[in-house]
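Summary of structural features
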Amino acid sequence: MPLSAAFTARRKAFRAAVLRFYRRHKRDLPWRRTRDPYRILVSEIMLQQTQVDRVIPRYEAFLARFPTLGALARVRCADVVRAWLGLGYNGRAVRLWQCARHVHAEHRGVLPRELQQLQRLPGVGPYTASAVAAIAFGAPVAAVDVNVGRVLSRVFAGRDDLATARVHALAHAVVPPRAAGEWAQALMDLGARYCRARPRCAECPVRTMCAYTHRYRSAIQRGRKGAASDRFHGSNRYYRGRIVRVLSTDVDLTVRALGRKVKDGFALSDVPWLLELLRGLARDGLVRVLRDRVRLA
Ligand code: SF4
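Basis of the calculations
- Residues numbered from 1 in each chain as written.
- Predicted model: local features only at pLDDT ≥ 70, side-chain atom pairs only at ≥ 80, totals over all residues.
- Helix = DSSP H or I, 4+ residues; strand = E, 2+ residues; numbered from the N terminus.
- Buried ≥ 20, exposed ≤ 12 C-beta atoms within 10 Å, placed from the backbone.
- Contact = placed C-beta atoms within 7 Å.
- Near = placed C-beta within 6 Å.
- Nonpolar A, V, L, I, M, F, W, Y, C, P; charged D, E, K, R; others polar.
- Pairing = 2+ DSSP bridges.
- Expected span 1.5 Å × (residues − 1).
- Domains from an automatic or database assignment.
- Core = buried A, V, L, I, M, F, W, Y, C linked by C-beta atoms within 7 Å.
- Axes fitted to C-alpha atoms, helices over the stretch in contact; angles between N-to-C directions.
- Parallel < 35°, antiparallel > 145°, perpendicular 65-115°, else oblique.
- pLDDT = per-residue confidence, 0-100.

1. Topic: the overall build of the chain
Of the regular secondary structure elements, the chain holds 16 helices and 3 strands. A principal-axis box enclosing the C-alpha atoms of the chain has dimensions of 65 × 50 × 35 Å. The proportion of buried residues among the 297 residues of the chain is 32%. For the chain, the proportion of contacts with a sequence separation of at least 24, taken over those separated by at least 6, is 61%.

So, in structure tokens, the structure goes:
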């Protein structure tokens, strides 16, 4: 579909403002000093649902331990999970290891360049595949996660709840073909710094062309309440993390002994709940339950 002259002019101004902001203020992050596809893949998987400041030291330690995809593919899954502990969402470690094994076996240890092939790798979702294709290989594709989607929805539609298909169409229409990698990281920085759930429009470098700030100026000034920072404490996700952490040191425990270590006041009536968590962890490839004994996979 041909783009309107108004959209083309707005896109040009938006691209220029975003790239200008990024080139002046980009964060110096370790994965921005490399084009190594494996290192970029590791960073993208670590950054899913984990904040940058927590990722940096773990990223460097992980790569010191597994400096290449081949090094990662040659170790046991449990070694990778142990190296991952502290980042949370430990299933990501299993998926990264499975991906490394697959690439080692099927692609001679070299990550493929084409987006479609990246998308077919185990554990690599559409966002990660696009980010690796754009950042490592310079492919003219858009990497769209929740934060990037929020920026684009607000700037071009003046709202937060644009349908996913429209967000993706917008993302593909605005990506600069010759700077897709830089663009992906620039939009991430813009979202992280200004266009959060509670946006900081007054300081944002694209405020003059943003539909959201024009439509919702008064609502933005009032602000919204942030989410509670410890909302995961005591949730099943919290206990899944504790289980994996305990099993990384106590390598083989009975179900009840494990329960006593992960939950204060653990009682017999908690056994079905614990078994349900263990079944989920086993499905994700993180633990193995043999009769009454539990260990890391
Ligand atoms: S002006 Fe506000 S709503 Fe628009 S992109 Fe910037 S922070 Fe987001």
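2. Quick look at the site of the ligand
Lining the immediate surroundings of the ligand are 14 residues, of which C195, P199, C201, C204 and C210 lie closest. The set of elements that each furnish at least two residues to the shell around the ligand consists of α9 (146-157) and α12 (211-215). Top element by residues in the shell around the ligand is α9. It accounts for 3 residues. Its residues assigned to classes, the shell around the ligand shows 10 nonpolar, 1 polar and 3 charged.

3. Some words on unusual backbone geometry
Of note in the backbone geometry, R108 takes a positive phi value of approximately 55° without being a glycine. Phi at R291 takes a positive value of approximately 50°, unusual for a residue other than glycine. Residue placement: R291 occurs in the loop between β2 (287-290) and β3 (293-296).

4. What to know about the pairing of β2
Note: β2 against β3, 4 bridges, orientation antiparallel. Note on β3: the bridge partner recorded for V287 is L296. Taken together, β2 and the strand that follows it, β3, pair antiparallel across an intervening segment of 2 residues, in which R291 is found at a positive phi of about 50°.

5. With respect to α9
Under the 1.5 Å per step criterion, the end-to-end length of α9 is 15 Å for 12 residues, consistent within 8% with the ideal 16 Å. Buried within α9 are the following residues: V148, G149, R150, V151, L152, S153, R154, V155 and F156. Among the structural elements, α1 (5-25), α10 (164-174), α11 (180-193) and α12 are those in contact with the buried residues of α9.

6. Quick look at the domain arrangement of the chain
We note that the domain assignment places domain 1 (5-27 + 142-222), domain 2 (34-137) and domain 3 (236-296) within the chain. Counting from both sides, the interface comprises 8 residues of domain 1 and, opposite them, 5 residues of domain 2. Considering only residue class, the side of domain 1 that touches domain 2 consists of 5 nonpolar, 2 polar and 1 charged.

7. Some thoughts on the pairing of β3
Bridging between strand β1 (residues 253-254) and β3 involves 2 bridges; their strand directions are antiparallel. The residue of β3 that forms the bridge with T254 is R293.

8. Looking at the nonpolar core
What tends to happen in soluble globular proteins is that the nonpolar side chains get buried as a cluster. Core analysis: the largest hydrophobic core is formed by 77 residues, its most contacted members being V42, V81, V132, L152, A171, A184 and L187. Residues within four places of V132 in sequence aside, it is in contact with P37, I40, L41, E44 and L118.

9. Comments concerning the environment of K26
Along the chain, the position of K26 falls in the loop between α1 and α2 (37-47). The exposure class assigned to K26 is partly exposed, which follows from the 14 C-beta atoms found within 10 Å. On a C-alpha basis, the gap between K26 and L190 in space is 9.4 Å, while along the polypeptide they are 164 residues apart.

10. Here's the deal with the packing of helix α8 (residues 126-137) against α11
Put simply, α8 and α11 touch, their axes get as near as 6 Å, and they point 125° apart. As judged from the angle between their axes, α8 and α11 are oblique. For the pair α8 and α11, contact is made by A131, A134 and I135 and by A180, G181, A184 and Q185, respectively. Split by residue class, the contact of α8 with α11 holds 5 nonpolar, 2 polar and no charged.

11. Focus on the sheet that holds β1
What the 3 strands build is an open sheet, ordered β1-β3-β2; its pairing is antiparallel. Each edge of the sheet is formed by a strand with only one pairing partner; in this case those strands are β1 and β2. Together, β2 and β3 form the strand contacts of helix α16 (residues 271-283), whose direction differs from that of β2 by roughly 125°.

12. Thoughts on the confidence of the model for the chain
For the chain, the average pLDDT comes to 89, and 93% of its residues sit at 70 or higher. Note that pLDDT drops below 50 for residues 219-230; the model gives that stretch 6 contacts with residues more than four away or on any other chain.

13. Description of the packing of α9 against α11
It is at 9 Å that the axes of α9 and α11 come closest, and there the two elements cross at 80°. By the angle class used here, α9 and α11 are roughly perpendicular. Packed against α9, whose contacting residues are N147, V148, R150 and V151, the element α11 presents L187, M188, L190, G191 and A192 at the interface. Considering only residue class, the contact of α9 with α11 consists of 6 nonpolar, 2 polar and 1 charged.

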